[in-house]
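A structural walkthrough
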Amino acid sequence: MGPLRYSINITLDGCCDHRAVTADEELHRHHIANLERADALLFGRVTYEMMEAAWRPRAAAEPRPDWTDPFARTIDAARKYVVSSTLERVDWNAELVRGDLGEAVRQLKHDSERGVFVGGVTLPRALAELGLIDEYEFVVHPRLVGHGPTLFAGMTKPVDLKPVDRLELASGAVAMRYEPRR
């Protein structure tokens, strides 16, 4: 059984809007390493559609720097699961997840050797509430933007975490990994 790992970029003032941070080559390499630690990716509809629009080969409308190509290839090849009650179908190496979220994610973890990697904002909040996330990574960028969205808004109970790793990037961003205290 593999762990469920969560990672997100966030500003110092708590904004987790992907447009609020600058992604450089080193950050892309870091996220490639994260993706390679998992057998599959788990997304909600919004994150799936955003990632597909940005990284699916045929969808690349705007030119990207060459150094983003390894990330694009890695995410394109990854197995994906999409939690959505509104999408009728998905492709891009993806499968819809329906029914009870807790049962479905426990089964994905059970069937995984290296683990499942989750991104986004809304789905991870639900997974945290269910106690299903085994590792949290917050890549904190040295930037203040003065707006949201923020993480885990509306949670009904706190999740206490213990630090397990820290990586300082040349940009000044710091990737901090935590595990829940159980």
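A few words on the overall build of the protein chain. Within the protein chain, the secondary structure is distributed over five helices and eight strands. The N-to-C order of helical and strand elements in the protein chain reads β-α-β-α-α-β-β-α-β-α-β-β-β. The C-alpha radius of gyration computed for the protein chain amounts to 16 Å, which stays within 12% of the reference 16 Å derived for 182 residues, consistent with globular compactness. Expressed as lengths along the three principal axes of its C-alpha atoms, the size of the protein chain is roughly 40 × 40 × 30 Å. For the protein chain, the residues scored as buried account for 47% of the 182 residues in total. Taking contacts inside the protein chain between residues at least 6 apart in sequence as the whole, the part at least 24 apart equals 72%. Roughly 9800 Å² of accessible area belongs to the protein chain as shown, and the carbon and sulfur atoms make up 51% of that amount.

Next up on the list: the pattern of salt bridges. For the structure shown, the criterion picks out 14 salt bridges. Ionic pairing is found between Arg-114 and Asp-39, a salt bridge with its closest N-O pair at 3.0 Å. One end of the pair, Arg-114, is in the loop between α4 (101-111) and β5 (116-118); the other, Asp-39, is in the loop between α1 (25-36) and β2 (40-44), with 75 residues separating them in the sequence. Overall, Arg-114 belongs to the partly exposed group, its relative accessible area being 42%.

Overall, mixed pairing links the eight strands, which are arranged β4-β3-β2-β5-β1-β6-β8-β7 in an open sheet. Looking at which strands have only one partner, the edges of the open sheet turn out to be β4 (94-97) and β7 (161-168). In this sheet, neighbouring strand axes are inclined to one another by 25 degrees on average, regardless of whether the strands run parallel or antiparallel. As judged from the five bridges shared by strand β6 (residues 135-141) and strand β8 (residues 174-180), these two strands associate in the antiparallel manner. By the bridge assignment for β8, Val-140 is matched with Val-174.

The rules we used
Residues numbered from 1 in each chain as written. Predicted model: local features only at pLDDT ≥ 70, side-chain atom pairs only at ≥ 80, totals over all residues. Heavy atoms only, no water. Helix = DSSP H or I, 4+ residues; strand = E, 2+ residues; numbered from the N terminus. Rg over C-alpha atoms; globule rule 2.2 N^0.38 Å. Buried < 20%, exposed > 50% of the residue type's maximum accessible area, 1.4 Å probe, protein only. Contact = heavy atoms within 4.5 Å. Areas by Shrake-Rupley, 256 points an atom, 1.4 Å probe, with all protein chains shown as cover. Salt bridge = Lys/Arg side-chain N within 4 Å of Asp/Glu carboxyl O. Pairing = 2+ DSSP bridges. Axes fitted to C-alpha atoms, helices over the stretch in contact; angles between N-to-C directions.

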